[in-house]
Amino acid sequence: MTLSVLDSVAELLLPAKESEVRHASTWLDSACRERGVPPEQINRLDICLNEALANIIFHTGGACLSPNIRLHLDVQLGQSINEASITVSDTCPPFDPLAVVLKPRSQILAEVEPGGLGLTMIRTYSDKLSYRYNEGCNQLKFSTRWIEGR
Amino acid sequence: MPIDFEDETDNLRRISISERLDIQGTEEIATKFAALTASANRRVVLDLTNVTFLASIGIRAVITNAKALQQRGGKMVLFVGNNQAVTKTLETTGIDVLIPMFADAAEAEKAALA
């Protein structure tokens, strides 16, 4: 596992394993606090991160070129609007979560499928979301914003 | 273990979950959670007031056990108190529509027994 910190940026390389997700959350919390990200925004990023990592770990079937996932945190503190972004990079087969059309969920407990909420949560908790496939890597970027003093 | 229970009456059980319901936290409670909701005709108040983080895998566990309970003639309701983060997650994912959710403990118990 590698951690490097350069001003507003931090990176973590972690194995794509269930046991590493909690470690990623701990890293995110610490790195965000050091850079002045408020608790609510950290929680929102943490939810997105957990769901993004779960998608990679549970749904790629091990068909990835590298066993590792790279996390890149970028915190931009402006004069009014601030932004914290996480980019999750993996070498699994291309998958654009933004292109997925979410099916309507049943509102009856007996009929509802228990899964499939991860993408909904990423879309709900991020203020900005983007995806690109670049040089063999999926790169999912999600951001939260806040106004100073609120 | 961050899961505990108390039997209020013969058929009303309060299950309390605390800390993080992420992948690791959900795996830690999964077996006991399923066992605590396994009885027939059991009414359950699931206390989530001390959950500090709720990921979709935790929601999946709640739905799975609520469905299983319902299939055995039981019922689950959620008690969230003033836990705003968990409340928001349950509302934005529509879980509060599937499983009744309450901020008040007495209302939750009343609904569970209704």
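Our structure's up above, just so we're on the same page.
Quick word on the overall build of chain A
Check the secondary structure of chain A and you find 3 helices and 6 strands. Written out in order from the N terminus, the α and β elements of chain A read β-β-α-α-β-β-α-β-β. For 150 residues, the compact-globule estimate of 2.2 N^0.38 gives 15 Å, and the C-alpha radius of gyration of chain A, at 16 Å, lies within 12% of that figure. Projected onto its principal axes, the C-alpha coordinates of chain A cover approximately 45 × 35 × 25 Å. The 150 residues of chain A split such that 31% are buried. For chain A, restricting intrachain contacts to residue pairs at least 6 apart in sequence, the fraction spanning at least 24 positions comes to 67%.

Some points on the environment of B:Thr49
Residue and element names in this part refer to chain B. Its location among the elements puts Thr 49 in strand E3 (residues 43–54). On the neighbour-count criterion, Thr 49 (15 C-beta atoms within 10 Å) is partly exposed. Along the primary structure Thr 49 and Ser 18 are separated by 31 residues, whereas in three dimensions their C-alpha atoms are 7.5 Å apart. Apart from the residues within four sequence positions on either side, Thr 49 is in contact with Phe 79, Val 80, Gly 81 and Asn 83.

Observations regarding the sheet that holds E3(B)
Residue and element names in this part refer to chain B. In spatial order, the strands read E1-E2-E3-E4-E5; together these 5 strands make up an open sheet with mixed pairing. Each edge of the sheet is formed by a strand with only one pairing partner; in this case those strands are strand E1 (3–7) and strand E5 (101–102). Across 9 bridges, the pairing between strand E2 (residues 12–21) and E3 is parallel. For Glu 19, the partnering residue across the bridge sits in E3 and is Val 51. Its contacts with the sheet place helix H1 (residues 23–36) against E1 and E2, and it is angled at close to 175° to E2.

So, the packing of helix H2 (residues 39–59) of chain A against helix H3 (residues 118–125) of chain A
All names here are of chain A. At their nearest, the axes of H2 and H3 sit 9 Å apart, and the two run at 150° to each other. When the interaxial angle is binned, H2 and H3 end up roughly antiparallel. Remark: the crossing between H2 and H3 carries left-handed chirality. Two secondary-structure elements touch here, H2 through Arg 44, Ile 47, Cys 48, Glu 51, Ala 52, Ala 54 and Asn 55 and H3 through Gly 118, Met 121, Ile 122 and Tyr 125. Among the residues forming the contact of H2 with H3, the class breakdown is 7 nonpolar, 2 polar and 2 charged.

What to know about the interface of chain B and chain A
Taken together, the contact pairs 21 residues of chain B with 22 residues of chain A. Put simply, the parts of the chain that give the side of chain B that touches chain A at least two residues each are H1, helix H2 (56–71), helix H3 (84–92) and helix H4 (95–98) of chain B. At 9 residues, the largest contribution of residues to the side of chain B that touches chain A is made by H2(B). Residue composition of the side of chain B that touches chain A, grouped by class: 11 nonpolar, 7 polar and 3 charged.

Some thoughts on the pairing of E1(B)
All names here are of chain B. Here E1 pairs with E2 via 5 bridges, running antiparallel. When the bridges of E2 are listed, Phe 5 appears paired with Ile 15. Where E1 folds back onto E2 in an antiparallel hairpin, the turn is made up of 4 residues.

A look at the nonpolar core
If you look at the biggest cluster of nonpolar residues, it comprises 63 residues, and the most contacted ones within it are A:Ala24, A:Cys48, B:Leu46 and B:Leu78. Residue contacts for A:Cys48: discarding those within four places in its chain leaves A:Ile86, A:Ile122, A:Tyr125, A:Ser126 and A:Phe142.

Looking at the pairing of strand E4 (residues 75–79) of chain B
All names here are of chain B. Counting buried positions along E4 yields 5 of 5 residues, so the element is predominantly enclosed. Side chains Lys 75, Val 77 and Phe 79 of E4 all project onto a buried face; the interleaved residues Met 76 and Leu 78 project onto the opposite face, where all are buried too. Across 5 bridges, the pairing between E3 and E4 is parallel. When the bridges of E4 are listed, Val 44 appears paired with Met 76. Crossover connection from E3 via H2 to parallel E4: handedness right-handed.

Cut-offs used in this document
- Residues numbered from 1 in each chain as written.
- Chains lettered and ligands numbered in written order.
- Predicted model: local features only at pLDDT ≥ 70, side-chain atom pairs only at ≥ 80, totals over all residues.
- Helix = DSSP H or I, 4+ residues; strand = E, 2+ residues; numbered from the N terminus.
- Rg over C-alpha atoms; globule rule 2.2 N^0.38 Å.
- Buried ≥ 20, exposed ≤ 12 C-beta atoms within 10 Å, placed from the backbone.
- Contact = placed C-beta atoms within 7 Å.
- Pairing = 2+ DSSP bridges.
- Axes fitted to C-alpha atoms, helices over the stretch in contact; angles between N-to-C directions.
- Parallel < 35°, antiparallel > 145°, perpendicular 65-115°, else oblique.
- Left-handed = near helix turned anticlockwise from the far one by under 90°.
- Nonpolar A, V, L, I, M, F, W, Y, C, P; charged D, E, K, R; others polar.
- Core = buried A, V, L, I, M, F, W, Y, C linked by C-beta atoms within 7 Å.
- Right-handed = clockwise from strand over helix to strand, strands pointing away.

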